[in-house]
Amino acid sequence: GRRPSAEMATKSLFSMLINDRPGNFSEQVVYEDELVVAFLDKFPAVPGHTLVVPREQVEKIHELSPETASALGLALAKVAAKVVEATGTNQYNVLVNNGADSGQEIPHVHFHIIPRTAGDYSQSWAKSIESTRTAANPKPAKLPDNGEFDGDLKTLRDKIRG
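In short, a report on the structure.

Calculation criteria
- Residues numbered from 1 in each chain as written.
- Predicted model: local features only at pLDDT ≥ 70, side-chain atom pairs only at ≥ 80, totals over all residues.
- Heavy atoms only, no water.
- Helix = DSSP H or I, 4+ residues; strand = E, 2+ residues; numbered from the N terminus.
- Areas by Shrake-Rupley, 256 points an atom, 1.4 Å probe, with all protein chains shown as cover.
- Lys, Arg positive; Asp, Glu negative; His and termini not counted.
- Charge placed at Lys NZ, Arg CZ, Asp CG, Glu CD.
- Salt bridge = Lys/Arg side-chain N within 4 Å of Asp/Glu carboxyl O.
- Buried < 20%, exposed > 50% of the residue type's maximum accessible area, 1.4 Å probe, protein only.
- Arc of directions from axis to C-beta.
- Contact = heavy atoms within 4.5 Å.
- Pairing = 2+ DSSP bridges.
- Axes fitted to C-alpha atoms, helices over the stretch in contact; angles between N-to-C directions.
- Core = buried A, V, L, I, M, F, W, Y, C linked by side-chain atoms within 4.5 Å.
- Phe/Tyr/Trp six-rings, centres within 6.5 Å; stacked < 30°, edge-to-face > 60°.

Scanning the protein for helices and strands turns up five helices and five strands. Of the accessible surface of the protein, which amounts to about 10,800 Å², a share of 55% is contributed by carbon and sulfur atoms. Both charge centroids of the protein, one from 18 positive and one from 21 negative side chains, sit 3 Å from each other.

Structure (structure tokens):
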């Protein structure tokens, strides 16, 4: 369910930016509707790096209201199309981190749209995970091609299915 974390008792950086519009923040805004605001990242990885942020302040995607989650999906598609048009590249990452252990620095759901061009990075996120794998984080086995799932895989799948 939706459970805002303890640090949510105060405004997140994104809530402050969206609601208070300090300095020239309005210059960064590229899209907004009743539930979502998108703006250029203050510290872009590449030109056109854009954040898409719900006005609803929760830390993780699964905590969003259904209305906000739907609006966020629509806004992502709209903003991605505009980023493609503006940057001239039709390749991009849409990234989100959920929780500090995933790399989330601001505890307020936000998606990064990062335009990509050939040769602009040295490894994918998957290769990054592989390069830091430890005994405590073993690589899962490839899923079976045939037959029914059993054991831990079946248990995990059934838990996700609900």
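Before going further, it helps to examine the pattern of salt bridges. Between side chains of opposite charge, a pair can form when the charged atoms approach closely. Throughout the structure, instances matching the rule amount to five salt bridges. Linked through salt bridges whose partners overlap, the residues forming this network are Arg 21, Glu 32 and Arg 55.

For helix H1 (residues 13-20), the set of buried residues is Phe 14, Ser 15, Leu 17 and Ile 18. Each buried residue of H1 lies within a common arc of 165° when the element is viewed along its axis, so the set occupies one face. Next to the buried residues of H1 lie helix H2 (25-28), strand E2 (36-40) and strand E3 (50-54). Of the residues flanking the end of H1, it is Arg 21, one or two places downstream, whose phi is positive at about 50°.

As summarised here, the arrangement of the five strands in space is E1-E2-E3-E5-E4, forming an open sheet in which the pairing is antiparallel. Of all strands in the sheet, those bounded by a partner on one side alone are strand E1 (29-32) and strand E4 (92-96). Shown here is a sheet whose adjacent strand axes are inclined to one another by a mean of 20°, direction ignored. In the packing of H1 onto the sheet, contacts are made with E2 and E3, and the angle to E3 comes to roughly 90°.

We now examine unusual backbone geometry. A positive phi is found at Arg 21, a non-glycine position, where the angle reads about 50°. Examined against the element boundaries, Arg 21 turns out to sit in the loop between H1 and H2. We classify Arg 21 as partly exposed; its relative accessible area is 23%.

Glancing now at the environment of Lys 142. Residue position: Lys 142 is located in the loop between helix H4 (125-131) and helix H5 (151-161). Expressed as a C-alpha distance, the spacing of Lys 142 and Asp 41, which sit 101 residues apart in the sequence, is 37 Å.

Membership of the largest hydrophobic core comes to 16 residues, with the highest contact counts inside it found for Val 36, Val 52, Leu 72, Val 79, Val 109, Phe 111 and Ile 113. When residues of this core are traced back to their parent elements, those giving at least two are E2, helix H3 (66-87) and strand E5 (111-115). Considering every element that reaches this core, the biggest residue donor is H3, with seven residues. Apart from the residues lying within four places of it in its own chain, the contact partners of Val 52 are Val 36, Val 37, Ala 38, Leu 72, Ala 75, Leu 76, Val 79, His 110, Phe 111 and Ile 113.

What follows is about the packing of aromatic side chains. Inspection of every chain in the model, using the stated rule, returns two aromatic pairs. Ring centres of Phe 25 and Phe 39 lie 4.9 Å apart, and the angle between their planes is 70°; this geometry places the pair in the edge-to-face category. Taken together, the residues Phe 25 in helix H2 and Phe 39 in strand E2 connect sequence positions 14 residues apart. Taking relative accessible area as the criterion, Phe 39 reaches 2% and is therefore assigned buried. In textbook terms, an aromatic cluster arises when at least three aromatic residues are bridged by ring pairs, as seen for Phe 14, Phe 25 and Phe 39.

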